[in-house]
Amino acid sequence: MHKLANRLDHFSDSVIRRMTRIANQYQAINLSQGFPDFEPPKPLIDALKQAADDGPHQYEITWGSAEFRHLLAKKQQNLMNIDINPDENVLVTCGSTEAMMCAVMTVCNPKDKVIIFSPFYENYGADAILSDATPIYVPLIPPTFEFDKQQLRQAFEQGAKALILCNPSNPCGKVFTKAELDYISQLAIEFDAYIITDEVYEHMVYAPHQHLYLASFPNMKERTICCSSLSKTYSITGWRLGYIIADKKIIDGCKMIHDFLTVGAAAPLQKAACAGLALGEDYYQKLTQTYTDKRRLFLKGLDDLGLTYYEPQGAYYVLVDISEINPFNTDFEFCEWLIREVGVAAVPGSAFFKHPEYRYIRFHFAKQEPTLIAALERLSKLKEKLSCLKN
């Protein structure tokens with residue numbers, strides 16, 4: 001038989017989702033794949049029950065229900081400080097995963113180059129490869145995860161057509177500063193490139209840091225493709241509702257790609273999710289405070305355990321440095337052992353870096369307080385178990 005497609009040689013299955021499967025096998029506390037263990041807001045649950053009875057149960061218009069798009073446009077234009085026409089600037093997708101893939105496929109021809117900051121959410125490299133584009137990786141340098149301006153300029157000089165920007169960043173929790181975003185926007189304009197943003201953690205930013213939308217920067221609205229989802233904001237990762245906000249010309253292209261990728265997002269879930277989009281400002285303030293408290297609890301626990309980590313400015317992930325305690329050859333072996341012997345799941349940091357990097361593992365803290373306390377209690381046995389392993 002003929003060999004399968006060559007693109008399969010350039011990436012593997014998701015390491016993050018793989019760690020969840022291993023965690024389930026050993027009944028470990030799953031701090032690897034970033035989903036909460038608490039319920040969505042009650043208005044969404046009530047609306048979902050109503051949608052189960054009343055529908056809609058058939059196809060919605062392929063680029064999203066009118067009610068969903070209008071509510072989303074109203075919410076986001078208040079945040080982003082740009083005009084958003086729900087009929088021209090919004091596309092509803094099957095999660096931000098499809099949104100990102102749709103954006104890359106809309107922008108890039110085969111062999112076009114796409115800049116990706118490293119460390120990066122593992123889907124981005126696969127998005128480029130599946131679109132027959134060529135990734136150019138620019139490092140974010142620990143511990144502050146800043147980029148080198150000259151390296152970024154050199155990446156644009158190679159003819160990059162787009163840059164993928166995750167802000168706040170997964171996995172390192174970096175929130176890009178105004179000065180950094182200014183520089184990125186200047187390069188995008190100078191080299192006539194698109195910026196594809198992933199902003200799913202926009203409401204999880206910790207003081208004194210502030211999330212700024214690149215689309216609101218001067219002359220950037222027409223070249224910024226904002227991708228996001230409702231998954232993290234409303235604790236509905238399984239609903240798979242995402243969206244793209246962009247210039248009409250870009251959205252028209254994305255609609256065509258989206259139509260043949262998935263046809264459309266689930267109609268009853270769009271209907272139910274409107275209850276979330278209609279929530280007031282107090283919901284988002286409370287959400288930020290909730291995650292601020294979870295972050296404080298988990299980081300204090302890591303401090304008490306004497307583990308070295310990089311303090312996240314946004315999102316709900318923590319990169320922990322295991323270089324001084326890892327007796328294995330790789331971070332993946334360490335994570336497998338951690339699941340089996342300690343009962344806590346993390347993601348090997350190498351899944352997020354382009355070049356070999358085995359110093360880090362990633363935990364997330366999007367869990368109920370008792371779950372985080374239980375995980376920290378199990379992790380308190382970590383060094384003891386490692387000592388026994390060495391002996």
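Every value quoted in this text rests on a predicted model; they were computed, and no experiment measured them.

So, on to the pattern of salt bridges. Counting across every chain of the model gives 19 salt bridges. Several salt bridges share partner residues, and in doing so they unite D13, R18 and R21 into one network.

Scanning the entire structure with this criterion turns up 21 aromatic pairs. Ring geometry for F117 versus F147: centroids 5.4 Å apart, planes at 25 degrees, classification stacked. Of this pair, F117 sits in strand β3 (residues 113-118) while F147 is found in strand β5 (residues 146-147), placing the two residues 30 residues apart along the sequence. Given the relative accessible area of 5%, F117 is considered buried. Here F147 falls in the buried class, since its relative accessible area comes to 9%. Taken together, a centroid distance of 5.0 Å and an interplanar angle of 55 degrees make the contact between Y316 and Y317 tilted. Assessed through its relative accessible area of 3%, Y317 is described here as buried. Three or more aromatic residues joined by ring pairs make a cluster, and in this case those are F117, F147, F176 and Y183. If you follow K149 out to its NZ or CZ, it ends over the ring of Y183, 5.0 Å from the centre. Lying across the ring of F35, K367 places its NZ or CZ 4.3 Å from the centre.

With 132 residues, the main nonpolar core has F117, L152, I184, I244, L338 and F363 as its most contacted residues. Considering every element that reaches this core, the biggest residue donor is helix α10 (residues 281-304), with seven residues. Those residues in contact with L338 that sit more than four places away from it in its chain are G343, V344, A346, I361, F363, L379 and L382.

In this section: the environment of I236. Mapped onto the elements of the fold, I236 is located in the loop between β8 (224-229) and β9 (242-245). Classification of I236 as buried rests on a relative accessible area of 3%. With 37 residues separating them in the primary sequence, I236 and A273 have C-alpha atoms 9.2 Å apart. In this view, I236 contacts P40, L44, L230 and S231; residues no more than four positions away in its chain are not counted.

Taken across its five residues, strand β14 (residues 360-364) has five buried, putting it largely inside the fold. Side-chain alternation along β14 places Y360, R362 and H364 on one buried face and I361 and F363 on a second face that is also buried. Pairing of strand β13 (residues 347-348) with β14, which is carried by two bridges, proceeds in the antiparallel orientation. Its bridge partner being in β14, V347 is matched across the sheet by R362.

This brings us to unusual backbone geometry. Of note, the bond from S118 into P119 is cis; its omega dihedral lies within 30 degrees of zero at 15 degrees. Assignment of secondary structure puts P119 in the loop between β3 and α5 (123-130). Residues A207 and P208 are joined by a peptide bond in cis, for which omega reads 10 degrees. Positive phi, normally seen in glycine, also occurs at Q27, with a value near 55 degrees. By the element assignment, Q27 lies in the loop between α1 (15-26) and β1 (29-30). At D192, a position not held by glycine, the phi torsion is positive, near 55 degrees.

Read from one edge of the open sheet, eight strands run β2-β9-β8-β7-β6-β3-β4-β5, paired in mixed fashion. Whereas interior strands pair on both sides, the edge strands pair on one side only; in this sheet they are β2 (90-93) and β5. Sheet topology note: the β2/β9 ladder contains four bridges and is antiparallel. Considered in β9, the bridge of V90 is made with I245. Packed onto the sheet, helix α8 (residues 248-261) meets β2, β7 (194-198), β8 and β9 and runs at close to 25 degrees relative to β2.

Basis of the calculations
- Residues numbered from 1 in each chain as written.
- Predicted model: local features only at pLDDT ≥ 70, side-chain atom pairs only at ≥ 80, totals over all residues.
- Heavy atoms only, no water.
- Salt bridge = Lys/Arg side-chain N within 4 Å of Asp/Glu carboxyl O.
- Phe/Tyr/Trp six-rings, centres within 6.5 Å; stacked < 30°, edge-to-face > 60°.
- Helix = DSSP H or I, 4+ residues; strand = E, 2+ residues; numbered from the N terminus.
- Buried < 20%, exposed > 50% of the residue type's maximum accessible area, 1.4 Å probe, protein only.
- Lys NZ or Arg CZ within 6 Å of the ring centre and 35° of its normal.
- Core = buried A, V, L, I, M, F, W, Y, C linked by side-chain atoms within 4.5 Å.
- Contact = heavy atoms within 4.5 Å.
- Pairing = 2+ DSSP bridges.
- Axes fitted to C-alpha atoms, helices over the stretch in contact; angles between N-to-C directions.

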